Amino acid sequence: MGMEIERAYCADLMSDVLAFSISNSLLITGLTNTQVIRTAEVATIKAIVFIQNKRPDIQTISLADEKKIPLLGTALSMFDTCGLLFEKGLRSCSGLEF
Amino acid sequence: MSSSEGVFFLTGKDFKNAGAASSSLKGILEDMGIPSSIIRRVSIAAFEAEMNTIIYSVAGMMSYSITPEMIKIRVQDMGPGIPDIELAMKEGYSTAPDYIREMGFGSGMGLPNIKKNADVLTVNSLAGEGTTVEFTINLSPAE
């Protein structure tokens, strides 16, 4: 996608995303409605990963397309997705280092 | 920088368009060349206030006023009102039904999130009449 992302936030609660994510981060979520795209837009999330084979509907996809927010999907669970991405070097929005 | 003002009308339970007003507002701020860190704060606070109106009330409106000094947003709804504002300001306190929570909202973070992003926040509410949330974000650095 020609995009570099260093930080990620995972949640199904969009208010938590609005409160605790940071600009230009990746959102990992199990929620697939249009509010996820709106949340990503206002929180300046760069891309979204839907976990556990959850597929967004056509309205969600077209809104993401309009807002130029790439959507990705995985069959993995939230825990496995986060673990794998962490292992590959992605870090949290909290700024904590391990 | 020029000034701008306007209003968006919000329809209760219209989840398809929930967030559209905040999205339009974000576009206006971008066109005006407002710094992106400020735009993020305004958009998040406006989105939370917009969602509150969509979730809890029949209808409402969001008006904005942008001057070189500040951005002022006022969201007025025709909802049930908030009986205890102090309690509603507490993180995690919510009266939202389950179907709202399944949408990812109603976790009791709305007003606290607005407060976190605003420089000044006032909430006025009258039971049975509605709620007005007004917040200001300063553009010129505070002395």
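The shown structure was predicted, so the numbers you read here are calculated from the model rather than taken from an experiment.

Attention now goes to the overall build of chain A. For chain A, the helix and strand inventory stands at four helices and five strands. Shown N-terminal to C-terminal, the secondary structure of chain A runs as helices and strands in the order β-α-β-α-β-α-β-α-β. Expressed along its principal axes, the backbone C-alpha trace of chain A runs to roughly 40 × 30 × 25 Å. Here chain A, with 98 residues, has 40% of them falling under the buried criterion. Residue pairs in contact within chain A that sit at least 24 positions apart in sequence constitute 44% of those at least 6 positions apart.

Every contact between the two is made by 19 residues of chain B and, on the other side, 18 residues of chain A. Looking at the side of chain B that touches chain A, the elements with two or more residues in it are helix 1 (20-31), helix 2 (36-56) and helix 5 (110-117) of chain B. Considering each element in turn, the side of chain B that touches chain A owes the most residues, five residues, to helix 2 of chain B. Here the residues of the side of chain B that touches chain A are counted per class, giving six nonpolar, eight polar and five charged.

Procedures and definitions
Residues numbered from 1 in each chain as written. Chains lettered and ligands numbered in written order. Predicted model: local features only at pLDDT ≥ 70, side-chain atom pairs only at ≥ 80, totals over all residues. Helix = DSSP H or I, 4+ residues; strand = E, 2+ residues; numbered from the N terminus. Buried ≥ 20, exposed ≤ 12 C-beta atoms within 10 Å, placed from the backbone. Contact = placed C-beta atoms within 7 Å. Nonpolar A, V, L, I, M, F, W, Y, C, P; charged D, E, K, R; others polar.

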